[in-house]
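Overview (structure and organization)
Read off the chains here:
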Amino acid sequence: MNTENQSKKIILSGIQASGDLTIGHYAGAMKNWVQLQDDYECFFMVADMHAITTKQIPADLRRRSIDVVAMYAACGINTEQSTLFIQSHVQEHAQLAWVLNCFTGFGEAQRMTQFKDKSQQHSENVNVGLFSYPVLMAADILLYQADLVPVGDDQKQHIELTRNLAERFNHLYSPTFIIPEPFIAKEGARIMSLQEPKKKMSKSDPNQNSCIFLHDSDAVIRNKIKRAVTDSGTDIIYDIETRPGISNLMSLHHIATGKSMQAISDEFNGRGYAPFKEAVAESVAELISPIRSRFEELRSHPDELSALLKTGADKAKRQAFKTLRKVYKKIGFVEPS
Ligand code: TYM
């Protein structure tokens, strides 16, 4: 670590390797990572350990873990500057998670709304890992002494739990963990399904038209946006309560062009849905097209990605080990001789 990095505040964030990435991941996470990366020392991980809380086919998990890293770089993460790594390459994540499990109340974990949602979605496989998943996420964050965690809106409750666990531990022992702050952008923190705009856009939605993937072709993107569900009436005004479909398309246009909601409304209101949808389709295709080509280029050099991940894991490990050693000492574990 150079001296410049030591004075920078720290970011840790990650994405599960459980499916192909969508424009929701871009809007809620990667876009903000790219914007923040020069001002922070950043650790971006591929959450493969989180992914196995739902059933995974081993070959797919292996491929997707590398896809996610390539996608980070394709979206604009500077791989020379930020540390990219795979969660399971740094064993301290599992080790700290175990310790934190012993400081988490059962009721506290039970209140996590994502656990409730996921246990309904995967009712055939409600496992203990799914239940304690937010504790592993807390370990991810606290190991790196992260100051800031840029995420989408759905992760807010997990960061609240992380803060509570860190405060509890610091209070019981002595200051050990930095208390992290969430970074949730005002716009794009919750991109909704194109088919059911009251539901979050999700890679696991069985209806593929509900979701724009970062590998979708221009034609597929245009088609999905053309078929997106809109609201009754013709107004192009941002109001997620009464106009969820149009508001979601406005968010996508904002993410792709940087135009404010007011500017979008001024430009398109009164002209009907068709020209607006066409403009959204064009802007989203223009955003994704270069990401897709960079992704394909990066993915065709797996050795370079492996080398990057090796350097990343070594660096992440140094930081994680420092924190875990402190924790082990404080709770009374005997240091190995
Ligand atoms: P995951 O893998 O579900 O999503 C990764 C990130 O993308 C955001 N996101 C969205 N944002 C806006 N609209 C959407 N439709 C949308 N879909 C996904 C998520 O909010 C998230 O920021 N538990 C985490 C992964 C994780 C993590 C961590 C994150 C594991 N350890 C430590 C931060 C720090 C998760 O399942 O995200």
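Scroll up to find the structure this text is about.
Residues numbered from 1 in each chain as written. Predicted model: local features only at pLDDT ≥ 70, side-chain atom pairs only at ≥ 80, totals over all residues. Heavy atoms only, no water.

1. A word on the packing of aromatic side chains
The geometry of two aromatic rings is summed up by the distance between their centres and the angle between their planes. Per the stated rule, a full pass over the model turns up 12 aromatic pairs. Their ring planes at 75° and their centres at 5.0 Å tell us that Trp-33 and Tyr-72 sit as a pair that is edge-to-face. Here the residue Trp-33 occupies a position in helix H2 (residues 23-36), and Tyr-72 occupies one in helix H4 (residues 58-74), the gap between them amounting to 39 residues. Pair check on accessibility: Trp-33 and Tyr-72 agree, each one buried. Taken together, the ring pairs in this structure connect Phe-103, Phe-169, Tyr-173 and Phe-177 into an aromatic cluster. (Phe/Tyr/Trp six-rings, centres within 6.5 Å; stacked < 30°, edge-to-face > 60°. Helix = DSSP H or I, 4+ residues; strand = E, 2+ residues; numbered from the N terminus. Buried < 20%, exposed > 50% of the residue type's maximum accessible area, 1.4 Å probe, protein only.)

2. Things to note about the site of the ligand
The full set close to the ligand counts 28 residues, and Gln-16, Tyr-133, Asp-140, Asp-154 and Ile-191 are the nearest of them. Gly-24 places a polar main-chain atom, nitrogen or oxygen, 3.1 Å from a nitrogen atom of the ligand. Take Asp-154: an N or O atom from its side chain is 2.4 Å from an oxygen atom of the ligand. Summarising the interface, the protein chains cover 98% of the accessible area of the ligand, which totals 700 Å² for the free molecule. (Near = heavy atom within 4 Å. Polar contact = N/O pair within 3.5 Å; in protein donor to acceptor, adjacent residues only side chain to side chain. Areas by Shrake-Rupley, 256 points an atom, 1.4 Å probe, with all protein chains shown as cover.)

3. Notes on the state of the cysteines
Throughout the structure, instances matching the rule amount to zero disulfides. With no disulfide of its own, Cys-75 lies closest to Cys-211 among cysteine sulfurs, the gap being 14 Å. Accessibility expressed as a relative area gives 8% for Cys-75, which makes it buried. (Disulfide = S-S within 2.5 Å.)

4. With respect to unusual backbone geometry
Backbone geometry places Gln-145, a non-glycine residue, at a positive phi of 55°. Classification of Gln-145 by relative accessible area gives buried; the value is 11%.

5. Quick notes on empty space enclosed by the protein
The full count for this structure, using the stated rule, is two cavities of 30 Å³ or more. By volume, the largest cavity amounts to about 60 Å³. Lining of the largest cavity is provided by Met-112, Gln-114, Phe-115, Lys-118, Leu-130, Tyr-133, Pro-134 and His-158. Secondary-structure elements contributing two or more residues to the lining of the largest cavity are helix H7 (113-121) and helix H8 (128-143). (1 Å grid on protein atoms, 1.4 Å probe; cavity = no way out; pocket = protein on both sides within 12 Å on 5 of 7 lines; lining within 4 Å. Points joined across faces, edges and corners; volume = space filled by probe spheres on them.)

By themselves these figures say nothing about function.
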